[in-house]
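Chain by chain, the residues:
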Amino acid sequence: MIWKFSLLFTTCLVLLVGCATKKEEKTNATKPNIVFILIDDMGWKDLACMGSKYYRTPNIDQLASEGMLFEQAYSAGPVCSPSRAAILSGQYPARNKMTEGPEMSPSPDSLMAKNDNKGKNLEWLPTRSPARRGCLHPDQITFAEVMQSAGYKTGYLGKWHCGYHESQWPDKQGFEMAEGFRTLATRTHGHYGRDYIPKLSWDLKGLTADEYMADALTRRAQEFITEHQAQPFLLVLSHYLVHAPFQAKPELLEKWKKVPTTDQNNPTMAAMIESVDQSVGNIMNTLEELNLDENTIVIFSSDNGGYHVGTSTYPLLGSKAMPYEGSSRVPLIFKWKNKIKSAVKDSTPTVQVDLYPTMLDLAGIKPNPNQHLDGVSLKPILMDKGKLNERPLFFHFPHYSGVGCTPFSAIRYQSWKLYRYYNNHEGTTQLFNLKTDPYEQDDLAKKRTDITDSLNTLLTDWLLETDAPMPTINKIYNPSDSTQYSGMASYRKSQILRQRREALLK
Ligand SMILES: [Ca+2]
């Protein structure tokens, strides 16, 4: 099999390992605050400043104009949980082993469960998903824990999705205040308080049945900032928007029904994005009113790419849960008044594991030497002090799961992106040159075997080095009974072909 490991680990990756240093001072009023606003399933092109001709996002556009916008920011996973666990731990999913969604169990080490089609009809899968970790392991030292040790007040509001059991909640991962995170796998039916209380959400102070959840989270974020304005604080505001279920505030929806559409044509999504934009505007107003805007770093991003059911990622190929650029490219904005360059678009490829070392570096806090970090600090770019060394970015999603994922790995190096698929016994590879073909139309795997071979070697070495959970051959696979799989594969193939056709026509 192509993905069977036969190569020795030879790759020298850039590892950011903190040196043992003197203990951080407990209180340091000069340290910057950090507000990290994380949106759920917001696509790369879901902001006006990222090219949307339909959605309107004046507050986020202003944030981008006052800060730096990364045009080639990647999520670490194609769906929610692995991306979030990677952000929190600073490790790729392949290393921290949270390669898919959480499981309800008190033990982080006994959660290694398979999730192929809920255990039914396995004959139709050519390969099988590996076991995985069902939570962000409590032993992981998150950036919040490091900042808490350095004297920061830490808060987490909203979607967590990194473990349902009480032992895996955000308050066990360095967040002193944690509210509004769901504790059950059950999906909510809407975005109002009534859909979250009483059982689906850990207590969100003051939440009423009629309050829109995004407004409630923003309100608590403003209260947290006000309460801790005299101290350095870290706040993660993790919105449930713009993930399904698609439900907007009626008064906004009515307005959007009259706005001409483009390839993005869902008024409900447009209204949900407007609610996100209002949240950002309200947070920025609070920071200004409290005179905190000069000493607060604001980061805005999404956990993974846009979902094709709700938005369009065109002209990028694919959407959430797929391997392609449309699945993994996300908006990423940093603002720090008078410190970070403003009104700059930077094209350096960056991935979510870079956020952890970047936040610590900007705050002047050393990482914990016991936490391996896969990313690098973006501070040199943000502060206009230099560029990053060329490095490969890696992606690994070894599962079949409910939203149509099939297993793959990928590597981005320089202008090249190579995909390796595990959804057949042979394994297949695609290679694209993103510089000349950013929309992944022309597979060069067989034409540029030199690049294909070298990227395959780098990828294999990395999978070995991280001890990545790998799909296995399904021994009971029965091709004659594979109609379900064929159906799913055909559906996805038709989606991709349609996108390719559309791209060629325009
Ligand atoms: Ca998501």
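The structure we're discussing is the one just above.
This section reports on the structure supplied with the text. (Residues numbered from 1 in each chain as written. Predicted model: local features only at pLDDT ≥ 70, side-chain atom pairs only at ≥ 80, totals over all residues.)

### Digging into the sheet that holds strand E9 (residues 329-330)
Threshold: Paired strands, in this sense, are two strands between which DSSP finds at least two bridges. Working definition: helices are DSSP H or I runs of at least four residues, strands are E runs of at least two. Numbering for both runs from the N terminus.
With mixed pairing, three strands are arranged side by side in an open sheet as E9-E3-E12. Two strands close off the open sheet at either side, each with one partner strand: E9 and strand E12 (350-351). In the sheet, strand E3 (residues 73-74) pairs with E9 via two bridges, with the strands oriented antiparallel. Counted as the bridge partner of Ala73 is Val330 from E9.

### Observations regarding helix H9 (residues 355-363)
Helical periodicity: at 3.6 residues per turn, an α-helix aligns residues three or four positions apart in one direction. Stated formally: Remark: C-beta atoms are placed from the backbone, and a residue is labelled buried if 20 or more other C-beta atoms sit within 10 Å of its own, exposed if 12 or fewer do, or partly exposed between those counts. We call two residues in contact whenever the C-beta atoms placed from their backbones are within 7 Å.
When you tally the buried positions in H9, you get eight out of nine residues, the bulk of the element. Residues of H9 that are buried: Leu355, Tyr356, Pro357, Thr358, Met359, Leu360, Leu362 and Ala363. Looking at the buried positions of H9, the neighbouring elements they touch are strand E1 (33-39), helix H2 (80-89), helix H4 (143-149), strand E8 (296-302) and helix H10 (379-382). Immediately downstream of H9, the backbone of Gly364 shows phi near 70 degrees, a positive value.

### Considering helix H11 (residues 449-465)
Our working definition: Residue count minus one, scaled by 1.5 Å, sets the expected span of a helix. Summarising the geometry, the arc corresponds to the directions from the helix axis toward the C-beta atoms.
Its 17 residues place the ends of H11 24 Å apart at the C-alpha level, agreeing with the 24 Å of an ideal helix rising 1.5 Å per residue. Within H11, burial applies to Leu455, Asn456, Leu459, Thr460, Trp462 and Leu463. All buried residues of H11 project into a common sector of 160 degrees when viewed along the axis, lining one side. Away from the buried face of H11 by more than 90 degrees, exposed residues Asp450 and Asp453 are located. Looking one or two places after H11, you find Asp467, whose phi comes out positive at around 55 degrees.

### Section: the nonpolar core
As a reminder of what qualifies: For our purposes the nonpolar core covers buried Ala, Val, Leu, Ile, Met, Phe, Trp, Tyr and Cys residues that link as a set through C-beta atoms within 7 Å. By convention here, the domain bounds are inherited from an automatic or database domain assignment.
Ranked by size, the top nonpolar core spans 131 residues in total, and within it Ile37, Met147 and Leu235 carry the most contacts. Top element by residues in this core is helix H7 (residues 267-289). It accounts for ten residues. Shared between two domains, this core takes at least three residues from each, and those domains are domain 1 (33-390) and domain 2 (394-478). Each residue touching Ile37, except ones within four places of it in the same chain, is listed here: Leu237, Val280, Ile283, Ile299 and Phe300.

### Remarks on the environment of Glu166
Among the structural elements, Glu166 can be located in the loop between strand E5 (153-158) and strand E6 (177-179). C-beta crowding within 10 Å serves as the criterion here: with 11 such atoms nearby, Glu166 is assigned to the exposed category. Through-space distance from the C-alpha of Glu166 to that of Pro106 is 7.6 Å; in sequence the pair is 60 residues apart.

### Some details on the pairing of strand E14 (residues 408-413)
The buried fraction of E14 is high, at five of six residues. Taken together, the five bridges between strand E13 (residues 393-397) and E14 define a ladder with antiparallel strand orientation. Bridging from a neighbouring strand, Leu393 pairs with Arg412 of E14. Pairing of E14 with strand E15 (residues 416-421) involves six bridges; the strand directions are antiparallel. Bridge pairing in E15 places Phe408 opposite Tyr421. What sits between the antiparallel neighbours E14 and E15 is a turn of two residues, in which Gln414 has the positive phi angle 55 degrees.

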